[in-house]
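If you want the building blocks of each chain, they are given just below.
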Amino acid sequence: GEDVDLYKLPSPVIHEGDGGPYLGTWGCFATPDLDSDWQNWGMYRNQVFDKNTLGVYMEGLRHHGLMYYAKYEPRNMAMPFALAIGPEPICTLAACTSAATGVSEVDIACGLRGEPVDLVKCETNDLLVPATSEIVIEGEIPPHERRLEGPFGEGFGYMTPAARLFPFGRVKAVTHRNNPILTVSNMGTATDEGDVAYAVNMAIEVRGALLKAGIPITGVYIPTECCSQLTVVSTKNTFSGIANRIANCIWGSTSNWFARVVVVGEDVDPSDMKEVLHTWMSQCHPVRGITVMGHATGTTLQASLSMEDRKVSKGANVVFDCLFPIEWPAEAIPKKASFKAVYPKELQEKVVKGWTEYGFK
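Residues numbered from 1 in each chain as written. Predicted model: local features only at pLDDT ≥ 70, side-chain atom pairs only at ≥ 80, totals over all residues. Heavy atoms only, no water.

Considering the overall build of the protein
Here is step 1 of the chain: Each helix and strand counted, the protein has nine helices and 17 strands in total.
Here is step 2 of the chain: With respect to the principal axes defined by its C-alpha atoms, the protein has extents near 75 × 50 × 40 Å.
Here is step 3 of the chain: Scored against the burial criterion, the 361 residues of the protein give a buried share of 49%.
Here is step 4 of the chain: Considering only intrachain contacts with a sequence separation of at least 6, the fraction spanning at least 24 residues in the protein is 67%.
Here is step 5 of the chain: Computed over 31 positive and 42 negative side-chain charges, the separation of the two mean positions in the protein equals 4 Å. (Helix = DSSP H or I, 4+ residues; strand = E, 2+ residues; numbered from the N terminus. Buried < 20%, exposed > 50% of the residue type's maximum accessible area, 1.4 Å probe, protein only. Contact = heavy atoms within 4.5 Å. Lys, Arg positive; Asp, Glu negative; His and termini not counted. Charge placed at Lys NZ, Arg CZ, Asp CG, Glu CD.)

Next comes the structure, spelled out in C-alpha coordinates:
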(Lines give C-alpha, C1' and ligand atoms only; values in the text may rest on other atoms or scores of the structure.)
Protein backbone atom coordinates (compact mmCIF):
# COMPACT_ATOMS: atom_id res chain seq x y z
CA GLY A 1 0.00 0.00 0.00
CA GLU A 2 0.91 3.70 -0.09
CA ASP A 3 1.29 3.98 3.68
CA VAL A 4 4.89 2.82 3.81
CA ASP A 5 7.26 4.06 6.50
CA LEU A 6 10.92 3.60 5.56
CA TYR A 7 11.93 4.79 8.99
CA LYS A 8 10.59 1.52 10.39
CA LEU A 9 13.60 -0.10 8.71
CA PRO A 10 16.83 0.25 10.70
CA SER A 11 18.34 2.59 8.09
CA PRO A 12 21.88 3.45 9.20
CA VAL A 13 23.81 6.69 9.03
CA ILE A 14 26.95 5.00 7.74
CA HIS A 15 29.53 7.80 7.99
CA GLU A 16 29.80 10.83 10.21
CA GLY A 17 28.79 13.67 7.90
CA ASP A 18 26.42 11.71 5.65
CA GLY A 19 23.37 13.65 4.56
CA GLY A 20 21.15 11.14 6.34
CA PRO A 21 20.52 7.41 6.65
CA TYR A 22 21.30 5.30 3.58
CA LEU A 23 20.07 2.03 2.10
CA GLY A 24 21.19 0.28 -1.08
CA THR A 25 24.90 0.25 -0.33
CA TRP A 26 25.06 -3.55 -0.70
CA GLY A 27 22.19 -4.87 -2.78
CA CYS A 28 20.62 -4.86 -6.24
CA PHE A 29 18.85 -1.80 -7.66
CA ALA A 30 16.68 -3.00 -10.55
CA THR A 31 15.26 -0.83 -13.34
CA PRO A 32 13.58 -1.80 -16.65
CA ASP A 33 14.53 -0.58 -20.11
CA LEU A 34 11.64 1.20 -21.77
CA ASP A 35 12.21 -0.16 -25.29
CA SER A 36 13.11 -3.80 -24.59
CA ASP A 37 12.69 -6.57 -22.02
CA TRP A 38 16.13 -5.85 -20.52
CA GLN A 39 16.20 -5.28 -16.77
CA ASN A 40 19.35 -3.77 -15.29
CA TRP A 41 20.80 -4.55 -11.87
CA GLY A 42 23.18 -2.04 -10.37
CA MET A 43 24.43 -0.93 -6.98
CA TYR A 44 23.67 2.68 -6.13
CA ARG A 45 23.29 4.51 -2.85
CA ASN A 46 19.78 5.45 -1.71
CA GLN A 47 19.26 8.13 0.92
CA VAL A 48 16.16 7.84 3.10
CA PHE A 49 14.45 11.24 2.91
CA ASP A 50 11.18 10.57 4.71
CA LYS A 51 8.72 7.78 5.39
CA ASN A 52 8.12 6.90 1.73
CA THR A 53 10.72 8.77 -0.32
CA LEU A 54 14.09 7.36 -1.30
CA GLY A 55 16.99 9.21 -2.94
CA VAL A 56 18.58 7.80 -6.09
CA TYR A 57 22.21 8.72 -6.87
CA MET A 58 21.99 8.85 -10.64
CA GLU A 59 24.82 9.80 -12.99
CA GLY A 60 24.06 9.90 -16.67
CA LEU A 61 26.82 7.47 -17.63
CA ARG A 62 25.47 4.55 -15.57
CA HIS A 63 22.76 2.30 -16.97
CA HIS A 64 19.93 3.41 -14.68
CA GLY A 65 20.86 7.03 -15.45
CA LEU A 66 20.89 6.40 -19.19
CA MET A 67 17.48 4.75 -18.94
CA TYR A 68 15.99 7.59 -16.94
CA TYR A 69 17.51 10.68 -18.56
CA ALA A 70 17.43 9.43 -22.18
CA LYS A 71 14.19 7.47 -22.28
CA TYR A 72 11.76 7.89 -19.37
CA GLU A 73 12.14 11.59 -18.65
CA PRO A 74 11.92 12.79 -22.29
CA ARG A 75 8.60 10.91 -22.53
CA ASN A 76 7.44 12.34 -19.21
CA MET A 77 7.17 8.83 -17.70
CA ALA A 78 8.02 7.58 -14.22
CA MET A 79 10.65 4.80 -14.11
CA PRO A 80 9.83 1.76 -11.94
CA PHE A 81 12.51 0.48 -9.57
CA ALA A 82 13.07 -2.26 -7.03
CA LEU A 83 15.80 -2.22 -4.40
CA ALA A 84 16.60 -5.79 -3.34
CA ILE A 85 18.62 -5.73 -0.12
CA GLY A 86 20.51 -8.77 1.14
CA PRO A 87 20.17 -11.28 -1.72
CA GLU A 88 22.68 -14.11 -1.95
CA PRO A 89 26.24 -12.76 -2.43
CA ILE A 90 26.52 -13.87 -6.06
CA CYS A 91 23.62 -11.57 -7.00
CA THR A 92 25.24 -8.66 -5.19
CA LEU A 93 28.53 -9.37 -6.98
CA ALA A 94 26.71 -9.43 -10.33
CA ALA A 95 25.14 -6.04 -9.57
CA CYS A 96 28.68 -4.61 -9.29
CA THR A 97 29.63 -5.55 -12.85
CA SER A 98 30.02 -3.05 -15.67
CA ALA A 99 28.18 -5.17 -18.19
CA ALA A 100 27.39 -3.75 -21.62
CA THR A 101 24.03 -2.19 -22.36
CA GLY A 102 21.42 -4.91 -22.79
CA VAL A 103 23.44 -7.56 -20.95
CA SER A 104 21.55 -9.04 -18.02
CA GLU A 105 23.28 -9.18 -14.65
CA VAL A 106 20.89 -12.04 -13.90
CA ASP A 107 22.61 -14.06 -16.61
CA ILE A 108 25.98 -13.15 -15.11
CA ALA A 109 24.83 -14.34 -11.69
CA CYS A 110 23.56 -17.59 -13.24
CA GLY A 111 26.93 -18.13 -14.91
CA LEU A 112 28.80 -17.53 -11.67
CA ARG A 113 26.50 -19.90 -9.78
CA GLY A 114 26.52 -22.55 -12.48
CA GLU A 115 22.75 -22.81 -12.17
CA PRO A 116 19.70 -20.52 -12.44
CA VAL A 117 18.98 -17.77 -9.94
CA ASP A 118 15.56 -18.01 -8.29
CA LEU A 119 13.62 -14.82 -9.01
CA VAL A 120 10.29 -13.44 -7.83
CA LYS A 121 8.08 -10.76 -9.38
CA CYS A 122 7.58 -7.56 -7.45
CA GLU A 123 4.21 -6.69 -5.93
CA THR A 124 3.66 -3.36 -7.73
CA ASN A 125 5.61 -3.66 -11.00
CA ASP A 126 6.99 -6.29 -13.38
CA LEU A 127 10.58 -6.22 -12.14
CA LEU A 128 12.16 -9.49 -11.05
CA VAL A 129 14.34 -9.65 -7.94
CA PRO A 130 16.27 -12.46 -6.22
CA ALA A 131 14.02 -14.71 -4.17
CA THR A 132 16.72 -14.81 -1.50
CA SER A 133 16.41 -11.07 -0.80
CA GLU A 134 15.94 -10.02 2.82
CA ILE A 135 14.12 -6.76 2.00
CA VAL A 136 12.59 -5.47 -1.27
CA ILE A 137 11.60 -1.82 -1.68
CA GLU A 138 9.45 -1.05 -4.73
CA GLY A 139 8.47 2.25 -6.26
CA GLU A 140 8.88 4.64 -9.16
CA ILE A 141 11.09 7.62 -9.99
CA PRO A 142 8.97 10.56 -11.25
CA PRO A 143 10.23 12.62 -14.22
CA HIS A 144 11.52 16.19 -13.89
CA GLU A 145 11.57 16.17 -10.09
CA ARG A 146 14.69 16.53 -7.96
CA ARG A 147 15.72 16.60 -4.33
CA LEU A 148 19.00 17.49 -2.66
CA GLU A 149 20.92 14.25 -2.03
CA GLY A 150 24.16 13.68 -0.09
CA PRO A 151 26.82 14.10 0.98
CA PHE A 152 28.03 10.52 1.43
CA GLY A 153 31.32 8.68 2.06
CA GLU A 154 31.87 7.06 -1.33
CA GLY A 155 33.80 4.12 -2.72
CA PHE A 156 36.56 6.35 -4.12
CA GLY A 157 37.59 7.01 -0.52
CA TYR A 158 36.28 10.53 0.07
CA MET A 159 33.17 12.23 1.35
CA THR A 160 31.29 13.66 -1.62
CA PRO A 161 30.97 17.44 -1.61
CA ALA A 162 27.80 19.35 -0.74
CA ALA A 163 24.41 17.85 -1.51
CA ARG A 164 23.32 17.88 -5.16
CA LEU A 165 19.96 17.71 -6.91
CA PHE A 166 19.14 14.17 -8.08
CA PRO A 167 15.98 12.26 -9.00
CA PHE A 168 14.26 10.37 -6.19
CA GLY A 169 11.93 7.43 -5.78
CA ARG A 170 8.43 7.31 -4.35
CA VAL A 171 8.06 4.04 -2.49
CA LYS A 172 4.91 2.01 -3.07
CA ALA A 173 5.66 -1.21 -1.18
CA VAL A 174 8.15 -2.82 1.18
CA THR A 175 8.30 -6.59 1.58
CA HIS A 176 10.71 -8.47 3.81
CA ARG A 177 11.47 -11.67 5.62
CA ASN A 178 10.77 -12.13 9.29
CA ASN A 179 13.62 -10.48 11.23
CA PRO A 180 15.35 -9.37 8.00
CA ILE A 181 19.10 -8.85 7.76
CA LEU A 182 20.02 -5.37 6.50
CA THR A 183 23.25 -5.64 4.49
CA VAL A 184 25.42 -2.52 4.44
CA SER A 185 28.74 -1.60 2.87
CA ASN A 186 30.76 1.03 4.71
CA MET A 187 32.46 2.54 1.67
CA GLY A 188 35.57 4.64 2.16
CA THR A 189 39.33 4.53 1.83
CA ALA A 190 40.65 1.21 0.57
CA THR A 191 40.27 -1.57 1.06
CA ASP A 192 36.62 -2.55 1.50
CA GLU A 193 34.28 -5.11 -0.08
CA GLY A 194 33.33 -2.68 -2.83
CA ASP A 195 36.96 -2.29 -3.90
CA VAL A 196 37.35 -6.06 -4.12
CA ALA A 197 34.08 -6.64 -5.98
CA TYR A 198 34.64 -3.88 -8.52
CA ALA A 199 38.30 -4.80 -9.03
CA VAL A 200 37.44 -8.39 -9.93
CA ASN A 201 34.41 -7.59 -12.08
CA MET A 202 35.96 -4.71 -13.97
CA ALA A 203 39.19 -6.60 -14.66
CA ILE A 204 37.06 -9.25 -16.35
CA GLU A 205 35.27 -6.58 -18.41
CA VAL A 206 38.55 -4.91 -19.42
CA ARG A 207 40.16 -8.22 -20.33
CA GLY A 208 37.19 -9.16 -22.51
CA ALA A 209 37.19 -5.80 -24.30
CA LEU A 210 40.93 -5.98 -25.04
CA LEU A 211 40.81 -9.56 -26.28
CA LYS A 212 37.82 -8.73 -28.47
CA ALA A 213 39.88 -5.91 -29.99
CA GLY A 214 42.61 -8.42 -30.85
CA ILE A 215 45.25 -6.91 -28.58
CA PRO A 216 47.84 -9.50 -27.42
CA ILE A 217 47.50 -8.84 -23.69
CA THR A 218 48.93 -11.27 -21.16
CA GLY A 219 47.24 -9.98 -18.01
CA VAL A 220 44.93 -7.36 -16.45
CA TYR A 221 44.92 -6.26 -12.83
CA ILE A 222 43.06 -3.56 -10.91
CA PRO A 223 44.71 -2.87 -7.53
CA THR A 224 42.11 -2.84 -4.76
CA GLU A 225 44.05 -0.08 -2.99
CA CYS A 226 43.31 2.31 -5.87
CA CYS A 227 39.52 2.32 -5.46
CA SER A 228 38.95 1.30 -9.10
CA GLN A 229 40.82 4.31 -10.51
CA LEU A 230 43.83 2.46 -11.99
CA THR A 231 44.16 -0.52 -14.27
CA VAL A 232 47.42 -2.29 -15.11
CA VAL A 233 47.72 -4.24 -18.36
CA SER A 234 50.62 -6.46 -19.44
CA THR A 235 51.02 -7.10 -23.14
CA LYS A 236 53.27 -8.34 -25.91
CA ASN A 237 54.80 -5.29 -27.58
CA THR A 238 53.85 -6.08 -31.17
CA PHE A 239 53.16 -2.71 -32.79
CA SER A 240 53.89 0.99 -32.30
CA GLY A 241 51.43 2.83 -30.06
CA ILE A 242 50.00 -0.34 -28.51
CA ALA A 243 49.79 1.30 -25.06
CA ASN A 244 47.55 4.09 -26.37
CA ARG A 245 45.45 1.55 -28.25
CA ILE A 246 44.97 -0.39 -25.01
CA ALA A 247 44.00 2.76 -23.08
CA ASN A 248 41.54 3.93 -25.73
CA CYS A 249 39.94 0.51 -25.80
CA ILE A 250 39.48 0.61 -22.02
CA TRP A 251 38.10 4.15 -22.04
CA GLY A 252 35.68 3.20 -24.80
CA SER A 253 34.42 0.14 -22.95
CA THR A 254 31.73 -0.10 -20.27
CA SER A 255 34.48 0.10 -17.63
CA ASN A 256 35.18 3.68 -18.64
CA TRP A 257 35.99 5.34 -15.33
CA PHE A 258 39.65 4.29 -15.13
CA ALA A 259 41.33 7.69 -15.42
CA ARG A 260 44.78 6.07 -15.23
CA VAL A 261 46.09 3.16 -17.29
CA VAL A 262 49.55 1.61 -16.90
CA VAL A 263 50.83 -0.65 -19.68
CA VAL A 264 53.77 -2.99 -18.99
CA GLY A 265 55.48 -5.75 -20.93
CA GLU A 266 54.68 -9.45 -20.93
CA ASP A 267 57.62 -10.08 -18.58
CA VAL A 268 55.82 -8.19 -15.78
CA ASP A 269 53.17 -9.71 -13.52
CA PRO A 270 50.49 -6.96 -13.43
CA SER A 271 49.30 -8.15 -10.01
CA ASP A 272 52.76 -7.78 -8.44
CA MET A 273 52.91 -4.12 -7.41
CA LYS A 274 56.65 -4.31 -6.71
CA GLU A 275 57.28 -5.36 -10.29
CA VAL A 276 54.78 -2.85 -11.65
CA LEU A 277 56.14 0.11 -9.69
CA HIS A 278 59.74 -0.69 -10.64
CA THR A 279 58.84 -1.00 -14.31
CA TRP A 280 56.64 2.11 -14.19
CA MET A 281 59.33 4.27 -12.64
CA SER A 282 62.23 2.93 -14.72
CA GLN A 283 60.74 2.31 -18.17
CA CYS A 284 58.09 5.02 -18.55
CA HIS A 285 59.73 8.05 -20.17
CA PRO A 286 58.61 11.26 -18.38
CA VAL A 287 57.66 12.90 -21.70
CA ARG A 288 57.05 10.48 -24.58
CA GLY A 289 55.85 7.73 -22.25
CA ILE A 290 52.87 9.73 -20.93
CA THR A 291 49.81 10.58 -23.02
CA VAL A 292 47.11 12.79 -21.54
CA MET A 293 43.52 13.03 -22.74
CA GLY A 294 42.58 16.43 -21.38
CA HIS A 295 38.85 16.25 -22.03
CA ALA A 296 37.22 12.95 -21.09
CA THR A 297 34.20 11.59 -19.28
CA GLY A 298 34.66 11.73 -15.53
CA THR A 299 32.57 10.92 -12.50
CA THR A 300 31.31 13.13 -9.72
CA LEU A 301 33.11 10.83 -7.26
CA GLN A 302 36.65 11.72 -8.41
CA ALA A 303 38.33 13.86 -5.73
CA SER A 304 40.84 15.33 -8.21
CA LEU A 305 38.12 17.09 -10.23
CA SER A 306 36.95 20.63 -9.59
CA MET A 307 33.41 21.31 -8.43
CA GLU A 308 32.58 22.69 -11.88
CA ASP A 309 33.88 19.58 -13.65
CA ARG A 310 31.99 17.26 -11.31
CA LYS A 311 28.68 18.95 -12.11
CA VAL A 312 28.98 17.95 -15.77
CA SER A 313 31.04 14.74 -15.28
CA LYS A 314 34.00 16.23 -17.12
CA GLY A 315 37.29 14.46 -16.42
CA ALA A 316 40.73 13.71 -17.86
CA ASN A 317 42.57 10.48 -18.61
CA VAL A 318 46.23 9.47 -18.77
CA VAL A 319 48.12 6.41 -20.01
CA PHE A 320 51.62 5.51 -18.85
CA ASP A 321 53.49 3.58 -21.54
CA CYS A 322 56.07 1.41 -19.76
CA LEU A 323 57.18 -0.42 -22.89
CA PHE A 324 60.49 0.18 -24.63
CA PRO A 325 59.90 1.64 -28.12
CA ILE A 326 59.39 -1.13 -30.62
CA GLU A 327 61.89 0.44 -33.03
CA TRP A 328 64.77 0.12 -30.56
CA PRO A 329 67.34 -2.54 -31.57
CA ALA A 330 67.78 -5.47 -29.20
CA GLU A 331 71.12 -4.19 -27.94
CA ALA A 332 69.49 -0.92 -26.82
CA ILE A 333 67.05 -2.64 -24.49
CA PRO A 334 68.53 -3.11 -21.00
CA LYS A 335 68.02 -6.43 -19.29
CA LYS A 336 66.52 -6.44 -15.83
CA ALA A 337 68.85 -7.63 -13.10
CA SER A 338 66.09 -9.69 -11.55
CA PHE A 339 65.97 -13.23 -10.22
CA LYS A 340 63.86 -14.52 -13.10
CA ALA A 341 65.78 -12.58 -15.78
CA VAL A 342 69.49 -13.22 -15.11
CA TYR A 343 69.66 -16.73 -13.64
CA PRO A 344 69.30 -20.05 -15.51
CA LYS A 345 65.88 -21.69 -15.29
CA GLU A 346 67.35 -24.77 -13.59
CA LEU A 347 68.91 -22.65 -10.83
CA GLN A 348 65.66 -20.72 -10.30
CA GLU A 349 63.71 -23.97 -9.90
CA LYS A 350 66.30 -25.33 -7.46
CA VAL A 351 66.17 -22.19 -5.29
CA VAL A 352 62.36 -22.08 -5.25
CA LYS A 353 62.09 -25.79 -4.43
CA GLY A 354 64.53 -25.55 -1.53
CA TRP A 355 63.46 -22.14 -0.24
CA THR A 356 61.92 -23.33 3.00
CA GLU A 357 64.77 -25.78 3.56
CA TYR A 358 67.14 -22.80 3.57
CA GLY A 359 65.24 -21.41 6.55
CA PHE A 360 63.12 -18.82 4.72
CA LYS A 361 59.32 -18.50 4.92
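Here we look at the pairing of strand β2 (residues 27–32)
Here is step 1 of the chain: With six of six residues buried, β2 is to be regarded as a mostly interior element.
Here is step 2 of the chain: Burial along β2 is two-sided: Gly27, Phe29 and Thr31 facing one way and Cys28, Ala30 and Pro32 facing the other are all buried.
Here is step 3 of the chain: As paired strands, β2 and strand β6 (residues 79–85) are joined by four bridges and run antiparallel to one another. Counterpart to Phe29 in the pairing with β6 is Leu83.
Here is step 4 of the chain: Bridge count between β2 and strand β3 (residues 39–42): four bridges; the pairing is antiparallel. (Pairing = 2+ DSSP bridges.)

Let's talk about the nonpolar core
Here is step 1 of the chain: Residues Leu210, Ile246 and Ile250 are the most contacted members of the largest nonpolar core, which totals 32 residues.
Here is step 2 of the chain: Elements with a minimum of two residues in this core: α4 (193–212), β13 (217–221), α5 (242–251) and β15 (260–265).
Here is step 3 of the chain: Those residues within four positions of Leu210 in sequence are excluded, and the remaining contacts are Ile215, Ile217, Val220, Val233, Ile246, Cys249 and Ile250.
Here is step 4 of the chain: Tyr44, Tyr68, Met79 and Val171 belong to the second-largest nonpolar core, a separate cluster that totals 19 residues. (Core = buried A, V, L, I, M, F, W, Y, C linked by side-chain atoms within 4.5 Å.)

Some words on the sheet that holds strand β4 (residues 46–50)
Here is step 1 of the chain: As summarised here, the arrangement of the eight strands in space is β1-β4-β5-β12-β9-β6-β2-β3, forming an open sheet in which the pairing is antiparallel. Across the chains shown, the open sheet's two edge strands, defined by having one partner strand only, are β1 (22–23) and β3.
Here is step 2 of the chain: Summarising the sheet, β6 and strand β9 (residues 135–141) pair through seven bridges and their orientation is antiparallel. Looking across to β9, one finds that Phe81 is bridged to Gly139.

Brief notes about the pattern of salt bridges
Here is step 1 of the chain: Inspection of the entire model under this criterion finds 14 salt bridges.
Here is step 2 of the chain: A salt bridge links Glu140 to Lys172; its shortest N-O distance comes to 3.4 Å. Highlighted residues: Glu140 in strand β9 and Lys172 in strand β12 (residues 168–176), separated in sequence by 32 residues.
Here is step 3 of the chain: Where salt bridges share partners, they join Asp33, Asp35, Lys71 and Arg75 into one cluster. (Salt bridge = Lys/Arg side-chain N within 4 Å of Asp/Glu carboxyl O.)

Let's talk about the packing of α4 against α5
Here is step 1 of the chain: Relative orientation of the contacting elements α4 and α5 amounts to 120°, with a least axis distance of 9 Å. Judged by the inter-axis angle, α4 sits oblique to α5. Taken as a pair, α4 and α5 cross one another with a handedness that is right-handed. In contact with Val206, Ala209 and Leu210 of α4, α5 contributes Ile246, Cys249 and Ile250.
Here is step 2 of the chain: Grouping the constituent residues of the contact of α4 with α5 by class yields six nonpolar, no polar and no charged. (Axes fitted to C-alpha atoms, helices over the stretch in contact; angles between N-to-C directions. Parallel < 35°, antiparallel > 145°, perpendicular 65-115°, else oblique. Left-handed = near helix turned anticlockwise from the far one by under 90°. Nonpolar A, V, L, I, M, F, W, Y, C, P; charged D, E, K, R; others polar.)

A few points about the sheet that holds strand β16 (residues 290–297)
Here is step 1 of the chain: Taken in spatial order, the five strands make up an open sheet running β13-β14-β15-β17-β16, and their pairing is mixed. Both edges of this open sheet fall to β13 and β16, since each of them pairs with a single strand only. Within the sheet, the average angular offset between the axes of one strand and its neighbour, ignoring direction, is 20°.
Here is step 2 of the chain: Running at roughly 145° to strand β17 (residues 314–321), α5 makes contact with β14 (230–235), β15, β16 and β17 of the sheet.

Some points on the packing of aromatic side chains
Given two aromatic rings, one states the distance between the centres and the angle between the planes to describe the pair.
Here is step 1 of the chain: Taken as a whole and judged by the stated rule, the model has nine aromatic pairs.
Here is step 2 of the chain: Measuring from ring centre to ring centre gives 4.3 Å for Tyr22 and Phe152, while their planes differ by 40°; the resulting arrangement is tilted. Placement of the pair is Tyr22 in strand β1 and Phe152 in the loop between β10 (147–149) and β11 (164–166), with a sequence separation of 130 residues.
Here is step 3 of the chain: Given the relative accessible area of 0%, Tyr22 is considered buried.
Here is step 4 of the chain: Summarising the aromatic geometry, the rings of Phe29 and Tyr44 are spaced 5.9 Å apart at their centres and angled 80° between planes, so their arrangement reads as edge-to-face. Here Tyr44 lies in the loop between β3 and β4 and Phe29 lies in strand β2, a separation of 15 residues in the sequence.
Here is step 5 of the chain: For Phe29, a relative accessible area of 1% translates into the label buried.
Here is step 6 of the chain: Exposure remark for Tyr44: the relative accessible area of 11% places this residue in the buried category.
Here is step 7 of the chain: Ring pairs connect the aromatic residues Phe29, Tyr44 and Phe81, which therefore count as one cluster. (Phe/Tyr/Trp six-rings, centres within 6.5 Å; stacked < 30°, edge-to-face > 60°.)

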